[in-house]
Amino acid sequence: MLIHALGNERFGILTLCWVVAGYFNVLDLGLGRSLILAFSRLDKSRDRDEVSKIFWAGSALLGGIGILTGGALYLGADKLPELLGVSSNLQAEASGAFRLVAFSLPATLLLPGLAAMPVAWQHQKALTLIRVPSGILSHLIPIIMLHWTNDLRQLLFANLILRIVILLAQSGLCWYVSNLGRVDSIRGAVRSLISDGSWMMLTNILAPLLMSMDRFVLSHTSGPSWLATYAPPLDLATKAWTLAGVGLAVMFPAMGHFLATNRKVANELYDNLLRIIVLWSPAVLLTMAGIGRFAIHYWIGAEYSRSGGILLAVFCIGIYWGLPGGISFSGVQASGHSKRAATIHLFEFPIYLGLLWVAANYGGIFGIAIVWSLRHACDSLAMYLVARRSGLEAAFSGTLVRRMLAGSSLLVVIAVLHAYSSWAGLAFALATCAIWLVFGWKSDPSTANSIKAKFL
């Protein structure tokens, strides 16, 4: 609906505004994760003063960073449209849109800090009751606004108001979770958080840029209108990160706690989540890739369906290889070895940028999609090896590696079939998904029995 109402170029600019807002959200000195680890190691009833110091220190730092980064983006808003290849008739509107993103940055950076306390103490239900409606409304509000205007500045102003409402809701949740009090000084807490988060900050700067760099390269080389074809299947595929996200939301603070108190339990958590993701996520990814052409057809139009279906299958391959890497990455940070994870991302950055540039000039959107997926495979392998070096052990046997290769091969076949027939791709995906589920049920009895006990 947004693409048809806004047009390809306006939609491409809106996508870039979302990416910029998401990217600046990570310029937080690694404080989001540092706060989760700090709270997970404290008892809210016995350590009330320390909890209050950490909360106010984190809020002050994140609010200050939000003001600084918002100011920098505001000053550079006039240059961004020209740099991103926006046509001259839309440059003024695009500049205004980026300025509104700049105004939203203080609230945007505060939100992860305000979520740290509920996450650390496992108040996931209350946090979800805020995040799910807000996530829906952030996409629904622009669609509603289209009845009156297609000006990006007005659409983003409405989202700015929503961001402020979410900020107030999460602030109230923090007060509900812990009875925060006044503190005399937060200097010690500030130094501690910055020290713990310095290497997390580098990762937080590089990792999202690695995730979104492909869009900027495509926009620069071919123009933002190509993002109307490229971005929707990528956004749909990356929803599969939820498969690991639900586990990581619980795993990260638990790992931080148990690595300090009971390393055996920490290793069991790590091993179980890796095994479950490798064995069971292909069922979802095969189905997603199989319905790709139909989903794109009914979502954004028939003219996008063939290329969108192929792209979605290619992205699913990268997602499958990236899921275990996300688990290993969280384990490395929870173990206190953030420097090792940051070093990997620092090494990847120039190589990945160079490959994207080559792919954009010689392979187009499909070349960029292939490079995007290959980067996730390499990153996942590197993170697993670093996790082993950091003391996290997992029974990641040759059997699981063969499963990953098999799942990737099936997704490649679906991508090829989509080039010829949407029905062939769907039929193959559903058949292989059914076989995979039966095979997984027999080969992983512990998880199967757990599913039986909970749902059947």
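Check the entry above for the structure.
Below is a summary of the structure that appears in this document. (Residues numbered from 1 in each chain as written. Predicted model: local features only at pLDDT ≥ 70, side-chain atom pairs only at ≥ 80, totals over all residues. Heavy atoms only, no water.)

So, the overall build of the protein chain
On a plain count of helices and strands, the protein chain comes out with 19 helices and zero strands. Taken against the 2.2 N^0.38 rule, which gives 23 Å for 456 residues, the C-alpha radius of gyration of the protein chain at 22 Å falls within 12% of a compact globule. Projected onto its principal axes, the C-alpha positions of the protein chain cover 65 × 60 × 40 Å. When burial is assessed residue by residue, the protein chain has 53% of its 456 residues classed as buried. Of the contacts made within the protein chain by residues no fewer than 6 positions apart, 83% connect residues no fewer than 24 positions apart. Surface summary for the protein chain: the accessible area is close to 20400 Å², and the carbon and sulfur share equals 66%. Taken together, the 33 basic and 21 acidic charged side chains of the protein chain have centroids lying 6 Å from each other. (Helix = DSSP H or I, 4+ residues; strand = E, 2+ residues; numbered from the N terminus. Rg over C-alpha atoms; globule rule 2.2 N^0.38 Å. Buried < 20%, exposed > 50% of the residue type's maximum accessible area, 1.4 Å probe, protein only. Contact = heavy atoms within 4.5 Å. Areas by Shrake-Rupley, 256 points an atom, 1.4 Å probe, with all protein chains shown as cover. Lys, Arg positive; Asp, Glu negative; His and termini not counted. Charge placed at Lys NZ, Arg CZ, Asp CG, Glu CD.)

What about the nonpolar core?
Phe39, Met117, Tyr230, Met255, Tyr270, Phe315 and Ile327 are the most contacted members of the largest nonpolar core, which totals 139 residues. The greatest single-element share of this core, amounting to 17 residues, is contributed by helix α6 (residues 91-120). Apart from the residues lying within four places of it in its own chain, the contact partners of methionine 255 are Ala266, Leu269, Tyr270, Gly331, Ala334 and Leu392. (Core = buried A, V, L, I, M, F, W, Y, C linked by side-chain atoms within 4.5 Å.)

Notes on the side chain of serine 390
Locating serine 390 in the fold gives a position in the loop between α16 (364-389) and α17 (398-418). Of the polar contacts made by the side chain of serine 390, one reaches the side chain of arginine 340; its length is 3.1 Å. Residue contacts for serine 390: discarding those within four places in its chain leaves Arg263, Val332, Ser335, His337 and Arg340. (Polar contact = N/O pair within 3.5 Å; in protein donor to acceptor, adjacent residues only side chain to side chain.)

Structural notes on α6
The end-to-end C-alpha separation of α6 is 43 Å, in line with the 44 Å expected for 30 residues at 1.5 Å each. At serine 104, α6 shows its largest bend, some 45°, and a proline, proline 106, comes one to four positions later. Among the 30 residues in α6, 24 count as buried, and that is most of the element. Of the residues trailing α6, glutamine 122 is marked for its positive phi of about 60°. (Expected span 1.5 Å × (residues − 1). Bend = angle between axes of the 7 residues up to and from the residue.)

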